[in-house]
Amino acid sequence: MVDTSLQPLSTITNGTVETFNPKSPLENTWAFWYIKPDKRLTWEQSLINLIDISFVEDFWATYNHLASPSRLSQSKTNSDYYFFKKGIRPMWEDKANANGGRWLLTCGNQDNKLDELWLETLLAMIGDCFSHDTDAQPLSRYITGCVVAIRTRGHKIALWLSEAHDKHIVCEIGRRWKSIMNLPANVRIQFDMHNESSGGGQQRPMYEE
Ligand code: MGP
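This section reports on the structure supplied with the text. These numbers were taken from a predicted model, which means no experiment stands behind them.

The nonpolar side chains of a soluble globular protein tend to be buried with one another. Phe59, Phe83, Trp103, Trp118, Leu159, Ile173 and Trp177 are the most contacted members of the largest nonpolar core, which has 44 residues in total. Considering every element that reaches this core, the biggest residue donor is helix α3 (residues 114-126), with eight residues. Once you skip the residues sitting within four places of it in the chain, Phe59 turns out to touch Phe32, Ile53, Phe83, Leu119, Leu122, Leu123 and Ile126. If you look at the next biggest cluster of nonpolar residues, it comprises twelve residues, including Leu47, Met91, Val147 and Ala158.

In structure tokens:
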């Protein structure tokens, strides 16, 4: 893993050591993951932890360095970026995800809006935009991560939650995500529990916004 973090600066003033961190800390530390499509590997083996991000500056350095989703779609079909809270593995099996689900936005094959929607989602996550001052408890605590999946049959962006059964919480997060992405009312997002998406048995989404 590449460590791009700058070291804090220390100065001695009148015999006292003062430490300045030149960077802006994020509310949470996040991890970028990438799935490199490789038929010889299992899904889990193809999951690569790219970098952990604790500072705004590191977020932009990484974001600007990585190929955009639309760029991936030109040569790396079936690859995914996962952006998750540090300590949560981007898989259904992680205990933070096991009882949760995902809001899914199907983007079609057009790349023109994909990068914008992905960046809006990332910025909302690191900026804690899913929580409002009036919330009894910040809704961002239920968000574990997000995913962009590059597929020939239509790219997808998903928001993963640790909660699936509290309809009020899940649907409010879905509505806020739509608003953050500035989606028109006629564009629908769908929520499924992970154990349904992994089992493949469910025909209809659990919730829709
Ligand atoms: P996918 O990438 O979520 O969907 O899962 P895709 O490729 O759009 O296909 P879909 O038609 O199945 O929706 C693709 C496959 O990757 C799954 O069938 C699993 O084999 C594997 N996979 C994906 N995820 C997110 C997980 C996970 O969390 N755990 C495990 N064990 N396998 C996963």
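Anyway, onward from the coordinates.
Here we come to the site of the ligand. For the ligand, the full set of nearby residues is Trp43, Tyr82, Met91, Trp92, Glu93, Arg151, Arg153, Lys156 and Trp160. Here Trp92 contributes a backbone N or O atom positioned 2.7 Å from an oxygen atom of the ligand. Between Arg151 and the ligand, the recorded distance is 2.8 Å, taken from a side-chain N or O atom to an oxygen atom. Compared with its free state, where it exposes 620 Å², the ligand has 61% of that area covered by protein.

A separate point is helix α1 (residues 56-65). Every buried residue of α1 is listed here: Asp58, Phe59, Thr62 and Tyr63. Seen end-on, α1 carries its buried residues on one side only, within an arc spanning 130 degrees. Among the exposed residues of α1, those pointing more than 90 degrees away from its buried face are Asn64 and His65. Tucked inside the fold, the buried residues of α1 contact β3 (25-35), β4 (47-55), β5 (80-85) and α3.

With that settled, consider the packing of α1 against α3. Relative to each other, α1 and α3 sit at 160 degrees, their axes nearing to 12 Å. Taken together, the axes of α1 and α3 are roughly antiparallel relative to one another. As for how α1 packs across α3, the hand of that crossing is right-handed. Along the contact surface, α1 presents Phe59, Trp60 and Tyr63, while α3 presents Asp115, Leu119, Leu122, Leu123 and Ile126.

Tallied over the full model, the rule gives ten salt bridges. With a closest N to O distance of 3.0 Å, Glu209 and Arg175 form a salt bridge. A residue pair is termed long-range when its members are at least 10 positions apart, and Glu209 in the segment after β10 (207-208) and Arg175 in helix α4 (residues 167-180) qualify at 34 residues. Overall, Glu209 belongs to the buried group, its relative accessible area being 16%. Overall, Arg175 belongs to the partly exposed group, its relative accessible area being 37%. Through salt bridges that share partners, Asp135, Glu172, Arg175, Arg176 and Glu209 make up one connected network.

The rules behind each value
Residues numbered from 1 in each chain as written. Predicted model: local features only at pLDDT ≥ 70, side-chain atom pairs only at ≥ 80, totals over all residues. Heavy atoms only, no water. Core = buried A, V, L, I, M, F, W, Y, C linked by side-chain atoms within 4.5 Å. Buried < 20%, exposed > 50% of the residue type's maximum accessible area, 1.4 Å probe, protein only. Helix = DSSP H or I, 4+ residues; strand = E, 2+ residues; numbered from the N terminus. Contact = heavy atoms within 4.5 Å. Near = heavy atom within 4 Å. Polar contact = N/O pair within 3.5 Å; in protein donor to acceptor, adjacent residues only side chain to side chain. Areas by Shrake-Rupley, 256 points an atom, 1.4 Å probe, with all protein chains shown as cover. Arc of directions from axis to C-beta. Axes fitted to C-alpha atoms, helices over the stretch in contact; angles between N-to-C directions. Parallel < 35°, antiparallel > 145°, perpendicular 65-115°, else oblique. Left-handed = near helix turned anticlockwise from the far one by under 90°. Salt bridge = Lys/Arg side-chain N within 4 Å of Asp/Glu carboxyl O.

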